[in-house]
Each structure stands twice: as C-alpha cells, then as structure tokens.
Amino acid sequence: MMELSPVRWVAHILRHPVDGFEDMRWKKSGSLKIAFFIVFMLFLANIANERLYGFNHYIPYDRIFNVVPYIVKSFVIFGAWTVGNWSVCSLLDGEGKMRNICIYSAYALIPYTAQMFINTILSHFLIRDEYVFMAIIRIIGIVWSAVLLFSAIRSVHQYSATKTIAAIALTIGAMAIMLALLVLFLSLIQHVLIFFSTLFTEISYRIRS
Amino acid sequence: MKKQIKKIVTAIFSLILCGCTANSAVFAAEPYDVYNYDRWGDPIPSQAGYTAEKSVTGYDLGIGAMDMPSDIFCAFDGNFYIADKGNNRIITVNSDFDKAVRTYESFIMPNGTKTNLKKPSGVFLSAENQYMYIADTDNSRVLVADLEGYVIKEITKPESEIYDSRRTFNPVRVIADKAGNIYVVLNNITTGAAMFSPDGEFTGFYGANRVQPTAEIIGDYFAELFMSDEKKARRTRSVPTGITSFDIAGDFIFTCTSSTTQTADTVKKLNAAGKNIFADNEAVFGDYAPMYDTSQNRLLASAIVDIDIAEDGNINCLDLTMGRIFQYDEDCNLLFIVGTNSSQTGGFRQAAALESYGDRLYVTDTMKNTVTIFKETEFGEIVHRASYLHNEGLYEEALNPWLEVLERDGNYRRAYLGVAAAKLRSGEYEEAMEYAKLADARKIYDKAFEGYRMDFIKRNFELIILGGIFAGIAVAGIIRSRKEKKAALAAEKSTEKEE
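Quick summary incoming for the structure in this document. (Residues numbered from 1 in each chain as written. Chains lettered and ligands numbered in written order. Predicted model: local features only at pLDDT ≥ 70, side-chain atom pairs only at ≥ 80, totals over all residues. Heavy atoms only, no water.)

## Side note on the layout of surface pockets
Residue and element names in this part refer to chain B. Considering only enclosed or pocket space, the largest pocket measures out at about 1300 Å³ in volume. If you go around the largest pocket, you meet 37 residues; those closest to its centre are Asn281, Asp331, Asn333, Arg413 and Leu417. Contributing elements (two or more residues each) for the lining of the largest pocket: strand 1 (35-37), helix 5 (378-391), helix 7 (413-425) and helix 9 (442-459). Considering each element in turn, the lining of the largest pocket owes the most residues, 6 residues, to helix 7. Considering only residue class, the lining of the largest pocket consists of 16 nonpolar, 8 polar and 13 charged. Shared between two domains, the lining of the largest pocket holds at least three residues of each, these being domain 1 (35-379) and domain 2 (398-459). Size it by volume and the second largest pocket reaches roughly 790 Å³. Lining the second largest pocket are 38 residues; nearest its centre among them are Phe124, Asp247, Ile248, Ala249 and Gly250. Elements that contribute at least two residues to the lining of the second largest pocket include exactly strand 4 (69-74), strand 10 (120-125), strand 18 (245-249), strand 19 (252-256), strand 20 (267-270), strand 23 (304-309) and strand 29 (351-357). Across the lining of the second largest pocket, the residue classes break down as 22 nonpolar, 6 polar and 10 charged. (1 Å grid on protein atoms, 1.4 Å probe; cavity = no way out; pocket = protein on both sides within 12 Å on 5 of 7 lines; lining within 4 Å. Points joined across faces, edges and corners; volume = space filled by probe spheres on them. Helix = DSSP H or I, 4+ residues; strand = E, 2+ residues; numbered from the N terminus. Nonpolar A, V, L, I, M, F, W, Y, C, P; charged D, E, K, R; others polar. Domains from an automatic or database assignment.)

## Concerning the environment of Phe73 of chain B
Residue and element names in this part refer to chain B. Tracing the backbone through its elements, the reader meets Phe73 in strand 4. Among the residues examined, Phe73 registers a relative accessible area of 12% and is labelled buried. Expressed as a C-alpha distance, the spacing of Phe73 and Val123, which sit 50 residues apart in the sequence, is 6.7 Å. If we skip the residues at most four places from it in the chain, Phe73 touches Asn79, Phe80, Tyr81, Val123, Phe124, Leu125 and Glu355. (Buried < 20%, exposed > 50% of the residue type's maximum accessible area, 1.4 Å probe, protein only. Contact = heavy atoms within 4.5 Å.)

Keep in mind that these numbers describe shape and distance, not what the molecule does.
Structure representation (structure tokens):
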C-alpha cells in the first residue's frame, strides 16, 4: 500500500494533517525539490500579497520596490527555522535529519502560501464590506499550516505532543538569537567594508597628489 | 523681398519671446518655493494659490508706525480692526486697506471717566450687537464697547470657585457668539477658554485640549500607581497645552494651539457643547514632518498661532515657526501653503495674526510691524471654486474646475479626489477608480469598484450563467470518468488476484 508519487504524497499529507507525515516518514518519501519549490512559492506569495493586492483593500507604498524584505520573510525565516530546529532537536534526542526537517516543514507551509495567493486574487473581486470572506480564508490557511507544522515536527523527530511544543518554543528562541547575530554580523561587515573603502580613498588621494 | 520676410519673422519671434518672459515674470513673484504635499506625504513643487500683493505699514495708513500689531479682525462693516499692541490703541482701517478711518486711543467708561488701553492683544466685533470686544491684556480686563468708544461693560478676573484666584487674568484673544456669550483666551490657562454670559458673568471654561498620551505620560501614570499621596501631590502634573487663538464661524468655534510637541488637537472644531468635531479626523495641520535646521541645531515644527475661517468655510492656519499659512477646505484637505520667513514682501519675521476677506489674506507681523496682503491667483481662484462646489455636494459641477486644476498642476492631489468623486456620482465607475487610485482614496475606490462590479455582472449576466453551467457539467464529467477509471483498476486487480 501507499506507493504514491512525490506529488501525490503532498496531496496525501494535506488531506491527513494528523498522521500524513507519519505515513510519509514510514515510506521514507518526500522530495527536496518540491520543498524548495514551495518555499519559492512562499516568496512569490509574499510579493503578490504586498504588491498585487486589490487597491480597495490595501495601498502599497509603490514608489520603490525592495526585494530584500520579501527574501527575509520567506527564505531567511525558513532557513533559520530549519537550522534552528535541527540544532535544538539534535540536543533533544530528535531523530530528524536536516533534509527531512526541511522537507516536512516546507510541506506544512502549503496552506499558508495558498491562502496568500487566493486572497490576492479574491481582493480584486470583493469589496471592503465582503472582507470577512478573505479573513476566513486567511484564518483557515494559518490554522491548517500550524497544525501541519506541529505534526511535521512531531513525526520527523518522533516526539510526544508536549515535547513538540517545547521544541517549537525553543526553535523560535534559537531563530531569534540567530537573526540577532546575523544583524550584528552584517553591521560588522558593513563597518569593515567602510573601513577598507576609506582606506582605499585615502591612499588613492595620496598617490594622485 | 526676402529681407523683408526675415524682418517680419524676427519681429514676430521677438514679440513672442517678450510675451513669454513677461508672463514668467508674473508667476515667479513669490520669494519662496511654493509647495504642496503629494499622496505619499512628501513635499512637491506646486503652483501658488496666493501671491503677496503688498505690505502695509502704519505710515501707509497715515497714523504713524504700528508697534506689534498682534490681532486683526474684519468686521461686518468691511472695515479692519487692528490691535496695535505697542501703541495701546485699536486702529480701524477701511476695506481697501489704504487709509486708517479711526484710531481708538482711549474709551469712556459708563461713569464718564476716560480709560486707556494697555497692551491690547485681541479685538473682535460682533455683527449682532455691533459691539467691539477688546482683550486688554496688561489691564487684566476685557472691554466691551460700542463703535463710538463708550464702554458698555468691563469684564475683570472672575470671583469663582472654578477660577484659581492665584492665577492672573491676562486675556489675549476674545470672541463673542451670536447669543452674546463671550469667550476669552487667557495666556496662562490650559483648561480652555474662559466663558462669560452676555452680562459678564463667568460661566466656566470651554474647549480644553486633551493631554496627548505620549510614552512619558503613560509611564508616569504607571509610576503613580505605586506612589503615596504626598509624593503624588509634589510631582509636576501633566497638563494639556492651552488654546492659543480661536475664531468663530456660524455655530462652531475653531481653536488652535501653538504647541510644537503636540500633534493631536492642534486645530479643533468645537460645537456649542464643546465637543471636538475634528477629534476623529486623521488630518495633520501644519507641515507633516518637522524640518531640521542645521545652523541652529533645532527642529522646526509648525506652531499654529492663529486660525481664521473664511466665508467659504476654508480654514486658514498661521504657522509662526516657518511663517507659513496653511489653507484647508472645510474637510481638512490641504489646499495651499503660502508665505515664508524672509524680509521680502510675502515673508514674515514674526507672524502674529491672520484674517481673510474676499479673495485676500491679511497677516500681521509683530516684528516688521506691517500687515501683508495676499491676493488669490488665477490658480487659487479655480481651486477655491472647485472646492466650494465640491463641499456643497455639487460634485459634477465641480468636475470641470477640478480638471482645469489638473491641467495646470498635475501633482495637485485634492483635484484627483474631486474628479474621482464627480465620476463616481455620475456613474463613470472605471474612470472614478482610475482617479481614486491616483489620489490614494481607498474609500472612493471601493465604492467605484462596487459599482463597476455590479455593472460588469449586469452586462455579462448570460455569459456568467452559461459559463457556470458549463463548468459544472465539466467538473461532473471529470469526477465520473475518474470514478470509472478507479473502478476499472480495482476490477483489473481483483481479476489478477483471482487468476
């Protein structure tokens, strides 16, 4: 039983939020390609949600387009989640490998991503009084994704429910620490770059004169 | 022959050139960069709505130099009344503003004695009873006199439980409503304007500002929860900023405050009960962001020292810091920004009071000791006409003036709002959406979109229904074929097993 293609596995997981991941783990299935595709779609969904939204629902600051916030909101956050979860759970006797954490977490993000796309499209058909439909879709997407993420972490590490919750909380803490360090690192790099650029200017002036 | 043609051509071109330069000279008269705000709240160059016509000194009026003209009021008779603070007098100027009709140096009290003014800083005339109300600041009183100079009533510091007797009584601005109630702005009271009944009885305070909940004040509130009563009593209390000036228009009193730190309640529209109509308004009065002055190392935030309501309902606010007049329509949409701090005509050194009459603005300057007169430009006239029609609810009549405004200044945001509203009213939803988008007006866009969607559905009703039916049939077909496939597969499997 359960000889499914990778795409059919995605459908299976979405339809079985509680034990879908267990089945997939049992069959050692799941594709990294699909996982990366989902995260890329999350990136696109973030952009669509900000820039292509119906004008009557949201007015973007459309003077400049800066792609960095969208990259942070999708790739960076997802990467931090994967690395953070892996580092926390390898200390907490988790069984998940980095590859599996990445795949399972990405699969769990599908409803959230879909919700963003659906709402972006709906916002061009609905007026503000009918916003409640979009709000419902949004809530469904978020809750569905949360449930999926919970069961993904539980089955990838073979944890109990309480331990999963603790692991998720610790992962969020680890993410915060990582991102803070990242910001620190970036500003350090910036200072170093500025130092070298001033050095270069100084020397070039001296050579010229 | 050829030479002649050449001559004619050069003559024509030089004429055209002359015409061009003459025109541009007229429009480049403002001694400052005229600007307005775009839909992102950034300043952009704009066309001038007012141009400085002249600046009038006391000598021009034939009464010697003025000294600190701190208030100006245009009365029912078309004359202007100026509180000449430094010279302790009230000046009456005719409506053309070229001659002083009369100066009031002293007044005659009801008992026959003469009384002099001492630094009067506010003057008001009531159209109903034709009385003159003078805020006689350093004499600590408000004088109510008739136009002949006979004092009707003298209002001094009230003996009341509400009025703290340790406080001095220094009126700086005074107005009276239709019923004859007198409102007095005092320079050291933050609880609103003192209100007096027509016979001079103190009846309370009116229109106090709110304390703005800044982080500091919220912090203080939580700190006070843990303090003893003695300690609380010794702490400085957080008080709201006082009213700086006000104006009355119809049944409403408009107040302003010159506080540069406060962003709420800088301009209020109060009804008879003292309730602020603008309380839920998101409009910002004055400049959106304070400017940083590097030479003085300080932030230049707008300080609105005087407010005036024009006959057509426009709100004029005078900013002391930058010497600017901000004109809003009655819905608080920014129309024009006029004036600057400079020595030229059209600039101020210390703007003090503002009045409007017809198509002109009159601003007194207590350091230049002049009254500067601004005249509406052609562009200003069109904008005013359009905004007047718009505010009267005649959106469609306002459409052409708004389009004309846009032809002259394509960055004028208010005009896009006007056009969007007009197009929405006349049912041209698609265009209304386009203009609402340009004006960042989400509510108008939403309404226009609702109409557009309704129209679309009505026009394509048959197509939509047909499409729905076909889609339903297609989906049903797919599901059925899938089921059949599955059944066939299962049957195959079972036959395989049997074999």
